[in-house]
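Given next are the chains, with one letter for each unit.
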Amino acid sequence: MKISFLTWLFLMIFSCSERRSQEIFIPKLTDFYSKALSRINEKLKKDSRNPNLLEQKIFYCEQLNWPGGCLDALDQYKSNYGITNQLAQQYIAYYSANQRFQSVVDFISEMDEEYHLSKKFRKPLIESLISLGERNKAVLHINQLLKDGMQTEDLAFVSEKYFEMADTLMATYYLGKVSKLDSSHALMLNYGEILLHLGYLRRGIETLETYFSLQPMREELAIELAKLYTEEGLYDYARNKLKPLEKQDTIFFYISDLYRKDFIWDSAIMYLDSILIMDSMNFQAYKNKGIIYEERGWLSTSLSHFEKALIIDSTDTSISNKIIQIQRKIAFLQR
């Protein structure tokens, strides 16, 4: 019997809606590689020298960031085919991922005369030496790295390693070189912060502002810079970073507090009033207004705002105590 067109159409719509409502499941790659690695291990028990299985195991180990049990595959592959640049890199990656820093140093030393691994893998060697506390040897290889070439990322790497060795002077020196080559480099945040802490305010501000101007507008970065400026007492610069941001109570509270730190009372109050326009029952805004008016010596006005805050949250004992304190001050002044 033929199905009518309307019945067919109904069935098609129904089946499509059913398919759309089903959740699309995408397996996690980590789970996939873990299971694949287990299957390869089972196969290798029967055929341990199979080159295809060894290559597959090494690939899965690499995707899983070199879990334990991967070294035997590297050793077997090396036994079959000898050392290659890629295999050397995989050995070093395995040792580094498992924090076997002495093994990194020993492996590079063992192969260095024939394969010149210390030059090819200078950075992991430096990292391993620093982790082992071999500062002098690490510095020798850092100097050699810089002789080979002073690319931006090499200088950035060196500055980070000097930070790890608690040598702020040398770290700052190389950050200065990074700044000249690439003022948009992510490490310029660290460089600007260090300069501010060391008292080089003009240079620190210039570094941070240049870096900020070269980035896409991001709220997190603006807030991070505002915090740096706040720590150094540069409240005006901090406010300028926050003002262009989207209007929200957390930003307005921050700006208000920055004005309060500079004793610019009216502006501090204005931002709290902006919060109350958005939320007339904002407990913290009334509380902060009470604190500011008390600092200005406007006790009656301060008292009225604390009382409004208490109406919103009658369980806050700090507000109750503050009201009693201000009432006593007013009574004393009246006497």
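Residues numbered from 1 in each chain as written. Predicted model: local features only at pLDDT ≥ 70, side-chain atom pairs only at ≥ 80, totals over all residues. Heavy atoms only, no water.

Helices and strands together make up the secondary structure of the protein chain, namely 20 helices and zero strands. Over its C-alpha trace the protein chain gives a radius of gyration of 32 Å, far above what one expects of a compact globule, namely 20 Å for 335 residues. For the C-alpha atoms alone, the extent of the protein chain along its principal axes is close to 100 × 90 × 35 Å. A burial count over the protein chain gives 40% of its 335 residues as buried. Counting contacts in the protein chain only where the partners sit at least 6 residues apart, residues at least 24 apart contribute 42% of the total. (Helix = DSSP H or I, 4+ residues; strand = E, 2+ residues; numbered from the N terminus. Rg over C-alpha atoms; globule rule 2.2 N^0.38 Å. Buried < 20%, exposed > 50% of the residue type's maximum accessible area, 1.4 Å probe, protein only. Contact = heavy atoms within 4.5 Å.)

Look at helix 10 (residues 152-164) against helix 11 (residues 168-181): their axes get within 8 Å of each other, and the N-to-C directions meet at 160°. Between helix 10 and helix 11, the angle is such that the two are roughly antiparallel. Regarding helix 10 and helix 11, the two cross each other, and that crossing is left-handed. Here T152, L155, A156, V158, S159, Y162 and F163 of helix 10 come into contact with helix 11, specifically with T168, M170, A171, Y174, L175, K177, V178 and L181. A class-by-class count of the residues in the contact of helix 10 with helix 11 yields 11 nonpolar, three polar and one charged. (Axes fitted to C-alpha atoms, helices over the stretch in contact; angles between N-to-C directions. Parallel < 35°, antiparallel > 145°, perpendicular 65-115°, else oblique. Left-handed = near helix turned anticlockwise from the far one by under 90°. Nonpolar A, V, L, I, M, F, W, Y, C, P; charged D, E, K, R; others polar.)

In this section: unusual backbone geometry. Positive phi, close to 55°, is recorded for Q99, a residue that is not glycine. Within the secondary structure layout, Q99 lies in the loop between helix 5 (85-97) and helix 6 (101-115). Accessibility expressed as a relative area gives 60% for Q99, which makes it exposed. The residue H116 is not glycine, and still its phi comes out positive at about 55°. Secondary-structure assignment places H116 in the loop between helix 6 and helix 7 (117-120).

With that settled, consider the side chain of T172. Residue placement: T172 occurs in helix 11. For T172, a relative accessible area of 12% translates into the label buried. Setting aside residues up to four positions removed in sequence, T172 forms contacts with Y191 and I194.

With that settled, the discussion passes to the confidence of the model for the protein chain. With 91% of its residues at a pLDDT of at least 70, the protein chain reaches an overall mean of 88. Mean pLDDT across the elements of the protein chain bottoms out in helix 1 (residues 5-21) (42) and peaks in helix 15 (residues 235-242) (96). Counting contacts from residues 1-27, a segment whose pLDDT is below 50, to residues more than four positions away or on other chains yields one contact. (pLDDT = per-residue confidence, 0-100.)

Taken as a whole, this structure holds 17 aromatic pairs when the rule is applied. Centre to centre, the rings of F32 and Y33 are 5.4 Å apart; their planes meet at 65°, and the pair counts as edge-to-face. With a centroid separation of 5.7 Å and an interplanar angle of 65°, the aromatic rings of Y94 and Y95 are classed as edge-to-face. Taken as a pair, Y94 and Y95 share a single burial class, namely buried. (Phe/Tyr/Trp six-rings, centres within 6.5 Å; stacked < 30°, edge-to-face > 60°.)

Time to look at the nonpolar core. Of all hydrophobic cores here, the largest spans 100 residues; its most connected members are F107 and L242. Residues contacting F107, with those up to four places away along its chain left out, are I83, A88, Y91, I92, Y95 and L117. (Core = buried A, V, L, I, M, F, W, Y, C linked by side-chain atoms within 4.5 Å.)

This model, assessed by the stated rule, comprises one disulfide. In this model, C61 is linked to C70 through a disulfide, with the two sulfur atoms separated by 2.1 Å. The sign of the -90° torsion about the S-S bond sets the C61-C70 disulfide as left-handed. Both residues of the pair, C61 and C70, count as buried. (Disulfide = S-S within 2.5 Å.)

Moving on, we get to the packing of helix 4 (residues 71-81) against helix 5. Axis separation between helix 4 and helix 5 bottoms out at 11 Å; the angle between their running directions is 160°. Here helix 4 lies roughly antiparallel to helix 5, going by the angle between them. Our pair here, helix 4 against helix 5, has a crossing hand that is left-handed. Within the contact between the two elements, helix 4 uses L71, L74, D75, Y77 and K78 and helix 5 uses L87, Q90, Y91, Y94 and Y95.

Since the α-helix turns once every 3.6 residues, residues separated by three or four places project in the same direction. A rise of 1.5 Å per residue sets the reference length of helix 14 (residues 219-231), with its 13 residues, at 18 Å; its end C-alpha atoms lie 18 Å apart and thus fit the reference within 8%. L221, A222, I223, L225, A226, L228, Y229 and T230 are the residues of helix 14 that are buried. Lining the buried residues of helix 14 we find helix 12 (188-197), helix 13 (201-213), helix 15 and helix 16 (249-261). Within two residues after helix 14, G233 carries a phi angle of roughly 75°, on the positive side. (Expected span 1.5 Å × (residues − 1).)

Next up on the list: helix 18 (residues 283-296). Between the first and last C-alpha of helix 18 there are 20 Å, a value that for 14 residues agrees with the 20 Å anticipated at 1.5 Å per step. Looking one or two residues past helix 18, G297 carries a phi angle of roughly 90°, positive in sign.

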